[in-house]
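# Structural characterization, general
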Amino acid sequence: EADIYQTPRYLVIGTGKKITLECSQTMGHDKMYWYQQDPGMELHLIHYSYGVNSTEKGDLSSESTVSRIRTEHFPLTLESARPSHTSQYLCASSAGSKTNYGYTFGSGTRLTVV
Amino acid sequence: QQQVKQSPQSLIVQKGGIPIINCAYENTAFDYFPWYQQFPGKGPALLIAIRPDVSEKKEGRFTISFNKSAKQFSLHIMDSQPGDSATYFCAASSRSGGYQKVTFGTGTKLQVIP
């Protein structure tokens, strides 16, 4: 079954720790995205990738970094977590073809930094 | 600058009612308008989408109405059910530099009461 997987679902971590949020998709999509979702629902694009070895920063400034070494894998790393990083992080992918622009989202990682 | 304005922020209807969520945009380069549905603890899921050469699209109980001249589009949910209670996001997409760029609305939290 084609899908997009995020791990962990929930993470509570202390300030200053390094963390990596995992995202993998089995659909062969070239395009992948990371969004940060406020408690008030709004989605903010923080990183995106249009293919292997291609990564760009999104509209919302973020202290995180991403890598895209394999098509199916798009991990997000915080070198030093802070309480301000507490949020829901959503990974998405898309084929981005002329006939299919829709996004497939993962279930998200709820991060709490204490 | 919010390129896609969504209203209302929240909406409560009784079962069987027809909730309507509205979105407006400014960028005439947008050429794809999807709606996403998000349940608590899940990522958004593509619900229905429309292109600007069509004024209406129906899929089951969900209908998108599109007014190109007014640069507005809306989601109608016919015969709403408690299971439709979720957050709904409109979005608009355009191709920029050969890549797809998606802008999301701020979300509408819908509650359908029995």
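Since we're looking at a predicted model, the values are computed, not measured.

## As for the sheet that holds strand S8 (residues 72-77) of chain B
Residues and elements named next belong to chain B. What the five strands build is an open sheet, ordered S1-S3-S8-S7-S6; its pairing is antiparallel. Of all strands in the sheet, those with a lone pairing partner are strand S1 (4-7) and strand S6 (56-59), marking the two edges. Geometrically, the sheet is characterised by an average inter-axis angle of 15° between neighbouring strands, direction not taken into account. Sheet topology note: the S1/strand S3 (residues 20-25) ladder contains four bridges and is antiparallel. Among the inter-strand pairings, Val 4 is bridged to a residue of S3, identified as Tyr 25.

## So, the interface of chain A and chain B
Chain A puts 23 residues into the contact, and the matching count from chain B is 25 residues. A buried area of about 1,900 Å², summed over both sides, lies between chain A and chain B, and 53% of it is on carbon and sulfur atoms. The largest per-residue losses of area from chain A upon contact with chain B belong to Met41(A), Tyr101(A) and Tyr103(A), which jointly make up 36% of the total buried on that side. Run the count over chain A and chain B and you get zero salt bridges. At the junction of chain A and chain B, the tally comes to four residue pairs in polar contact (both at pLDDT 80 or more). The greatest single-element share of the side of chain A that touches chain B, amounting to three residues, is contributed by strand S4 (residues 31-37) of chain A. Here the side of chain A that touches chain B is composed, by residue class, of nine nonpolar, 10 polar and four charged.

## Considering the pairing of strand S7 (residues 62-67) of chain B
Residue and element names in this part refer to chain B. As paired strands, S6 and S7 are joined by four bridges and run antiparallel to one another. Bridge pairing links Lys 57 to Ile 64 in S7. Between S6 and S7, which pair antiparallel one after the other, the connecting turn spans two residues, and Gly 60 there sits at a positive phi close to 65°. Where S7 and S8 come together, six bridges link them in antiparallel fashion.

## Observations concerning the confidence of the model for chain A
Of the residues in chain A, 93% have a pLDDT of 70 or more, and the chain-wide mean is 91. Confidence scores differ between elements of chain A, with strand S6 (residues 54-57) of chain A showing the lowest mean pLDDT of 92 and strand S3 (residues 19-25) of chain A the highest of 97.

## Description of the pattern of salt bridges
Summed over the entire model, instances satisfying the criterion amount to six salt bridges over all chains. Note that Lys18(A) and Glu79(A) form a salt bridge whose closest N and O atoms lie 3.9 Å from each other. Linking Lys18(A) in the loop between strand S2 (10-13) and S3 with Glu79(A) in the loop between strand S8 (76-78) and strand S9 (87-94), this pair joins segments that are 61 residues apart in sequence. With a shortest N-O distance of 2.8 Å, Asp84(B) and Arg61(B) are connected by a salt bridge. With Asp84(B) in the loop between S8 and strand S9 (86-96) and Arg61(B) in the loop between S6 and S7, this residue pair connects regions lying 23 residues apart in the sequence.

## A few points about the packing of aromatic side chains
By the definition in use, this model includes 19 aromatic pairs over all chains. Where Tyr35(A) meets Phe104(B), the ring centres are 5.4 Å apart and the plane angle is 90°; that geometry is what we call edge-to-face. Highlighted residues: Tyr35(A) in strand S4 and Phe104(B) in strand S10 (residues 99-104), drawn from two different chains. When its relative accessible area of 2% is taken as the criterion, Tyr35(A) is described as buried. In this structure Phe104(B) comes out as buried when scored by relative accessible area, which is 6%.

## Digging into the side chain of Ser64(A)
All names here are of chain A. Residue position: Ser 64 is located in the loop between S6 and strand S7 (65-66). Here Ser 64 falls in the buried class, since its relative accessible area comes to 1%. Separated by 2.9 Å, the side chains of Ser 64 and His 47 make a polar contact. Looking at Ser 64, its side chain comes within polar contact range of the side chain of Ser 62, at 2.6 Å. The contact partners of Ser 64, leaving out residues within four places of it in the chain, are Ile 46, His 47, Lys 57, Leu 76, Thr 77 and Leu 78.

Conventions we followed
- Residues numbered from 1 in each chain as written.
- Chains lettered and ligands numbered in written order.
- Predicted model: local features only at pLDDT ≥ 70, side-chain atom pairs only at ≥ 80, totals over all residues.
- Heavy atoms only, no water.
- Pairing = 2+ DSSP bridges.
- Helix = DSSP H or I, 4+ residues; strand = E, 2+ residues; numbered from the N terminus.
- Axes fitted to C-alpha atoms, helices over the stretch in contact; angles between N-to-C directions.
- Contact = heavy atoms within 4.5 Å.
- Buried area = accessible area lost by both parts, 1.4 Å probe.
- Salt bridge = Lys/Arg side-chain N within 4 Å of Asp/Glu carboxyl O.
- Polar contact = N/O pair within 3.5 Å; in protein donor to acceptor, adjacent residues only side chain to side chain.
- Nonpolar A, V, L, I, M, F, W, Y, C, P; charged D, E, K, R; others polar.
- pLDDT = per-residue confidence, 0-100.
- Phe/Tyr/Trp six-rings, centres within 6.5 Å; stacked < 30°, edge-to-face > 60°.
- Buried < 20%, exposed > 50% of the residue type's maximum accessible area, 1.4 Å probe, protein only.

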